[in-house]
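One letter stands for each residue in the lines below.
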Amino acid sequence: MSNEQEVQQIEMSMQECKARIELSDALKRLAENADFQFVFEDTYMGKYALNSISMKASIQMMDENKQRFIDGQLAGIGHLKNYMHFVHREAEVAREALASHQDELDIMQAEEEL
């Protein structure tokens, strides 16, 4: 692989890292929004989740279809929480990789100047 191709590959990787970081930063800003906190964190992932758990034990909700529906609702909440965690974790890795890529580019540029 030529030096120019390596640089292009590193720059593409850096762009991917920046995109992951940008997504995480946007999610952090969103999570700081009072409406988001109220609608999603407090209500959907809080009160609604607790209510769904209580409904699972309710005699009126023992039907298999109702139980499956509640399970799906709880799974959806869990998937959203996992996705948010995954986005932030992926950004942490991307930040480290971005610094490494930049170091690599700096070394390549220094070698070219020699």
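Scroll up to find the structure this text is about.
Treat the numbers as computed from the prediction; the structure is a model and nothing was measured. (Residues numbered from 1 in each chain as written. Predicted model: local features only at pLDDT ≥ 70, side-chain atom pairs only at ≥ 80, totals over all residues. Heavy atoms only, no water.)

Attention now goes to the packing of aromatic side chains. A ring pair, where both rings are aromatic, is described by two values, the distance of the centres and the angle of the planes. Scanning the model with the defined rule gives three aromatic pairs in all. On the basis of an interplanar angle of 85° and a centroid distance of 6.4 Å, the ring pair of Phe40 and Tyr44 is categorised as edge-to-face. Highlighted residues: Phe40 and Tyr44, both in helix H2 (residues 34-56), separated by four residues, approximately one helical turn. Exposure remark for Tyr44: the relative accessible area of 25% places this residue in the partly exposed category. Arranged with centres 5.8 Å apart and planes meeting at 20°, the rings of Tyr44 and Tyr48 form a pair that is stacked. Pair noted here: Tyr44 and Tyr48 are both in helix H2, with a separation of four residues, about one helical turn. Relative accessible area serves as the criterion here: at 30%, Tyr48 is assigned to the partly exposed category. Ring pairing ties together the aromatic residues Phe36, Phe40, Tyr44 and Tyr48, which thus form one cluster. (Phe/Tyr/Trp six-rings, centres within 6.5 Å; stacked < 30°, edge-to-face > 60°. Helix = DSSP H or I, 4+ residues; strand = E, 2+ residues; numbered from the N terminus. Buried < 20%, exposed > 50% of the residue type's maximum accessible area, 1.4 Å probe, protein only.)

What follows concerns the packing of H2 against helix H3 (residues 64-113). One way to put it is that H2 packs onto H3 with a least axis distance of 10 Å and a crossing angle of 145°. Judged by the twist between their axes, the crossing of H2 over H3 is left-handed. Side by side, H2 and H3 meet where Phe36, Phe40, Tyr44, Met45, Tyr48, Ala49, Ser52, Ile53, Met55 and Lys56 of the first sit next to Gln67, Ile70, Asp71, Gln73, Leu74, Gly76, Ile77, Leu80, Lys81 and Met84 of the second. Residue classes in the contact of H2 with H3 are distributed as 13 nonpolar, four polar and three charged. (Axes fitted to C-alpha atoms, helices over the stretch in contact; angles between N-to-C directions. Left-handed = near helix turned anticlockwise from the far one by under 90°. Contact = heavy atoms within 4.5 Å. Nonpolar A, V, L, I, M, F, W, Y, C, P; charged D, E, K, R; others polar.)

This brings us to the environment of Ser24. Position of Ser24 relative to the elements: it lies in helix H1 (residues 3-32). Considered as a pair, Ser24 and Val87 are 63 residues apart in the sequence and their alpha carbons are 5.7 Å apart. Only 2.8 Å separates the side chain of Ser24 from the side chain of His88, close enough to count as a polar contact. (Polar contact = N/O pair within 3.5 Å; in protein donor to acceptor, adjacent residues only side chain to side chain.)

Here we come to the pattern of salt bridges. In the structure shown here, the tally under the stated rule is five salt bridges. When the shortest N-O distance is used, the salt bridge between Asp25 and Arg95 registers 2.9 Å. Of this pair, Asp25 sits in helix H1 while Arg95 sits in helix H3, and the two are 70 residues apart along the sequence. On the accessibility criterion, Asp25 (27% relative accessible area) is partly exposed. Residue Arg95 is classed as partly exposed on the basis of its relative accessible area of 34%. In this structure, the salt-bridge partner of Arg68 is Glu64, at a minimum N-O distance of 3.2 Å. With a gap of four residues between them, Arg68 and Glu64 both fall in helix H3, about one helical turn apart. (Salt bridge = Lys/Arg side-chain N within 4 Å of Asp/Glu carboxyl O.)

On the surface, a cluster of negative charge is made up of Glu6, Asp103, Glu104 and Asp106. With three residues, the single largest contributor to the negative patch is H3. The residue Asp106 is located in helix H3 in this model. (Patch = residues over 30% accessible without salt bridge, like charges linked within 9 Å, V, L, I, M, F, W, Y side chains within 5 Å. Areas by Shrake-Rupley, 256 points an atom, 1.4 Å probe, with all protein chains shown as cover. Lys, Arg positive; Asp, Glu negative; His and termini not counted. Charge placed at Lys NZ, Arg CZ, Asp CG, Glu CD.)

Note that all results are geometric; they support no functional claim without further evidence.
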